[in-house]
Amino acid sequence: MANIKSEIILNVELDENRVPEKLNWTAKDGGISNEEAKALMLSVWDSNAQESLRIDLWTKDMPVDEMKVFFHQTLVAMSTTFQRATQDDKMAATMKDFCDYFAEKLELNNKD
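All of these numbers come straight from a predicted model, not from anything done at the bench.

1. Describing the layout of surface pockets
Okay, step 1: A volume near 340 Å³ is recorded for the largest pocket.
Okay, step 2: Together, 13 residues line the largest pocket, and Met41, Leu42, Ser43, Thr74 and Met78 are the ones closest to its centre.
Okay, step 3: Among the secondary structure elements, those contributing two or more residues to the lining of the largest pocket are strand S4 (39-46), strand S5 (51-58) and helix H1 (64-86).
Okay, step 4: Of all the elements, H1 adds the most residues to the lining of the largest pocket, at 7 residues.
Okay, step 5: Across the lining of the largest pocket, the residue classes tally to 7 nonpolar, 4 polar and 2 charged.
Okay, step 6: Volume-wise, the second largest pocket comes out at about 240 Å³.
Okay, step 7: Of all the secondary structure elements, the ones that give two or more residues to the lining of the second largest pocket are strand S2 (20-27) and S4.

Structure, rendered in structure tokens:
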């Protein structure tokens, strides 16, 4: 049986101060080709060091109100992923409660 590989490509265009101006990504298996993004968060687990490594980038024209919605949606997705990965329904529900609180305090009003 052959190993199957899938590739995700992230391209970051920087200004002269190395601040992201453009973010694009490609995931051919997902039907995404050079799509523009305003922000990205990537977490990778280093099992040897037992630590999470992150890349958090956003373009300088990412609106703050969109960043708040992006964070809220990311937190909701993380709570769903946590439940699927651990089957810990109680903690997942607690995380979702926090997501509701987060949205309420930011006055997102179910925009997402």
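2. Some thoughts on the packing of H1 against helix H2 (residues 89-105)
Okay, step 1: For the pair H1 and H2, the least separation of the axes is 8 Å and the interaxial angle reads 170 degrees. For the element pair H1 / H2, the angle class is roughly antiparallel. Residues Lys68, Phe71, His72, Leu75, Val76, Met78, Ser79, Thr80, Phe82 and Gln83 of H1 pack against Asp89, Met91, Ala92, Met95, Lys96, Phe98, Cys99, Phe102 and Ala103 of H2.
Okay, step 2: Here the contact of H1 with H2 is composed, by residue class, of 12 nonpolar, 4 polar and 3 charged.

3. Comments concerning the sheet that holds S2
Okay, step 1: Read from one edge to the other, the open sheet built from 3 strands follows the order S1-S2-S3, with strand pairing classed as antiparallel. Two strands close off the open sheet at either side, each with one partner strand: strand S1 (9-14) and strand S3 (32-37). Adjacent strand axes in the sheet meet at a mean angle of 20 degrees when their direction is disregarded.
Okay, step 2: The sheet contact formed by S2 and S3 spans 4 bridges and is antiparallel. Bridging across to S3, Leu23 finds its partner in Ala37.

Parameters and conventions
Residues numbered from 1 in each chain as written. Predicted model: local features only at pLDDT ≥ 70, side-chain atom pairs only at ≥ 80, totals over all residues. Heavy atoms only, no water. 1 Å grid on protein atoms, 1.4 Å probe; cavity = no way out; pocket = protein on both sides within 12 Å on 5 of 7 lines; lining within 4 Å. Points joined across faces, edges and corners; volume = space filled by probe spheres on them. Helix = DSSP H or I, 4+ residues; strand = E, 2+ residues; numbered from the N terminus. Nonpolar A, V, L, I, M, F, W, Y, C, P; charged D, E, K, R; others polar. Axes fitted to C-alpha atoms, helices over the stretch in contact; angles between N-to-C directions. Parallel < 35°, antiparallel > 145°, perpendicular 65-115°, else oblique. Contact = heavy atoms within 4.5 Å. Pairing = 2+ DSSP bridges.

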